[in-house]
Amino acid sequence: MGSKSIFEKYDLTTLILALLLVATGIIAIYSATFANSGTGTSFYTKQLTFAFISVFMVFAIVYIPPRYIALSAYYLYGFSIFLLIAVLVFGKTINGNKSWFYIAGFGIQPSEFTKITVLLAISKYLNFGEEKKDINNPVVFIKTMAFLLLPVILIKLQHDTGTSIVFLTMSIPILWAAGLSPFTMFAIITPIVLAVLSFLNPVYFYVGLGVSVIILLLFKRNLFSSIIVFVINVISGLSVNFLFSKLAVYQQQRVFAMFDPSADPLKSGYNVIQSKVAIGSGGLFGKGYLQGTQTQLKFIPEQWTDFIFCMIGEEFGFIGSMILILIFCLLIYRLFKTGMNTINSYMGLITIGFGGLFLFHLVINIGMTVGLFPVIGIPLPLISYGVSSLLSFMAMIGLALNTYKTRNQFI
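Residues numbered from 1 in each chain as written. Predicted model: local features only at pLDDT ≥ 70, side-chain atom pairs only at ≥ 80, totals over all residues. Heavy atoms only, no water.

**Focus on the environment of isoleucine 29**
Turning to step 1, where the next piece is worked out: Residue placement: isoleucine 29 occurs in helix α2 (residues 12-32).
Turning to step 2, where the next piece is worked out: Taking the C-alpha atoms as reference points, isoleucine 29 and phenylalanine 43, 14 residues apart in sequence, are found 7.4 Å from one another.
Turning to step 3, where the next piece is worked out: Isoleucine 29 has contacts with Phe43, Tyr44, Gln47, Trp304, Ile308, Ile383, Ser384 and Tyr385, leaving out every residue within four places of it along the chain. (Helix = DSSP H or I, 4+ residues; strand = E, 2+ residues; numbered from the N terminus. Contact = heavy atoms within 4.5 Å.)

Here's what the structure looks like:
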């Protein structure tokens, strides 16, 4: 009976899955930095130290009453916006991104924590109070997107394109969970899809545009709305090459390297080529822990951060990689399930947003390491080295556990 009550009160499955990922990350970082005498030990010990701190943080967050979380949402959001502005003035530039504060030897990236505060603020705006707001109301929709677009603009000014894309992408599951109509979701997503198709090949764009017209007819919405969506789709597809020309040269090279890394094998395509070699050489079962040649000979720069997955692929092989992906998928499933099965709509929407964040990071990060997506600096959650990333994702786990614990309670 006591055991059953524990499982009913606490989502131990989510906690165990998260801890498995954190432990895997520490093991992977140790291997990825093993050959780096001096500095390698520093990365490993920092991650291990903050892993322990994050566990205590998770248990603390679990016991915060959801009402207090909601009441502090706007204040936390405002503070995160202040930090995003401050980092533009006082921050340190690393790899072209002015996104970091350095305090006592530790790098703090405010944008990582802003992912959480944006979700807290949006959910409070839509769900807090006796009357829930209708996301399909144009005024409500615009105000909701304003919460999202303000940090996106500030992060883009830091030249951190990857993180700004994360914020835009995480809006999709939030808007869906908030009840946005399928027509509006279609109107948001199709311009992005058609822009990608236009970049790949004009023929793909025109075929996609034709399909979008058919879908618009099936929606049977009023003619004016359909024409507006159609015009936006056309503009999106026809303007993509112009917008691409406005990207920084190194960003353009990364995109080109995605399609053909060999076109610039010593610069923009180097990491992707070496990563694919490392993963491919791992075979079915891998070369063994600390035995990866690509990893131990440091062919991939800073492989303990965004390219940590290639170390796992090389040393643990296809089987190890699939087990890791399975753990991620189970965790993401738990987050979505918890968010949808709570009567606490405020915490539910937040948790669904966390599930979307984990999913996007997983797909893009692994896609980067195998050459399917451009290298845009997206970490693998709970695995990649980074104090800010680790603490922010563990805070999400803590809030998700809080949602599960209070799933039968109204705020």
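**A closer look at the packing of helix α15 (residues 308-340) against helix α16 (residues 345-369)**
Turning to step 1, where the next piece is worked out: One can describe the packing of α15 onto α16 by two numbers: an axis separation of 8 Å at closest approach and a directional angle of 160 degrees. In terms of orientation, α15 lies roughly antiparallel with respect to α16. Handedness of the α15/α16 crossing: left-handed. Across from Phe309, Ile325, Phe328, Leu331, Ile332, Leu335, Phe336, Thr338, Gly339 and Met340 in α15, the residues of α16 making contact are Gly348, Thr351, Ile352, Phe354, Gly355, Gly356, Phe358, Leu359, Leu362, Asn365, Ile366 and Thr369.
Turning to step 2, where the next piece is worked out: Across the contact of α15 with α16, the residue classes tally to 14 nonpolar, 8 polar and no charged. (Axes fitted to C-alpha atoms, helices over the stretch in contact; angles between N-to-C directions. Parallel < 35°, antiparallel > 145°, perpendicular 65-115°, else oblique. Left-handed = near helix turned anticlockwise from the far one by under 90°. Nonpolar A, V, L, I, M, F, W, Y, C, P; charged D, E, K, R; others polar.)

**Details of unusual backbone geometry**
Turning to step 1, where the next piece is worked out: We note that lysine 220 has phi near 55 degrees; this positive angle belongs to a residue other than glycine.
Turning to step 2, where the next piece is worked out: Tracing the sequence through the fold places lysine 220 in the loop between α10 (202-219) and α11 (223-245).
Turning to step 3, where the next piece is worked out: The class for lysine 220 is exposed, based on a relative accessible area of 74%.
Turning to step 4, where the next piece is worked out: One non-glycine residue, leucine 382, lies in the positive phi region at around 65 degrees.
Turning to step 5, where the next piece is worked out: You can see leucine 382 is positioned in the loop between α16 and α17 (387-405).
Turning to step 6, where the next piece is worked out: Classification of leucine 382 as buried rests on a relative accessible area of 2%. (Buried < 20%, exposed > 50% of the residue type's maximum accessible area, 1.4 Å probe, protein only.)

**Here's the deal with the packing of aromatic side chains**
Turning to step 1, where the next piece is worked out: By the definition in use, this model includes 12 aromatic pairs.
Turning to step 2, where the next piece is worked out: Plain terms: the ring middles of tyrosine 125 and phenylalanine 147 are 5.8 Å apart, the flat faces sit at 50 degrees to each other, and that makes the pair tilted. Residue tyrosine 125 is found in helix α6 (residues 110-127), and its partner phenylalanine 147 is found in helix α7 (residues 138-157); the two are separated by 22 residues along the sequence. The burial state of tyrosine 125 is the same as that of phenylalanine 147; both residues are buried.
Turning to step 3, where the next piece is worked out: Note on phenylalanine 186 and phenylalanine 219: the rings are 5.6 Å apart at their centroids and 55 degrees apart in plane angle, and the pair reads as tilted. Pair noted here: phenylalanine 186 is in helix α9 (residues 182-200) and phenylalanine 219 is in helix α10, with a separation of 33 residues, a long-range link.
Turning to step 4, where the next piece is worked out: Judged by its relative accessible area of 28%, phenylalanine 219 falls in the partly exposed class.
Turning to step 5, where the next piece is worked out: Each residue in the set Tyr74, Tyr77, Tyr125 and Phe147 is aromatic and connected to the rest through ring pairs, giving one cluster.
Turning to step 6, where the next piece is worked out: Its guanidinium or amino end placed over the ring of tyrosine 74, lysine 124 lies 4.5 Å from that ring's centre, counting from NZ or CZ. (Phe/Tyr/Trp six-rings, centres within 6.5 Å; stacked < 30°, edge-to-face > 60°. Lys NZ or Arg CZ within 6 Å of the ring centre and 35° of its normal.)

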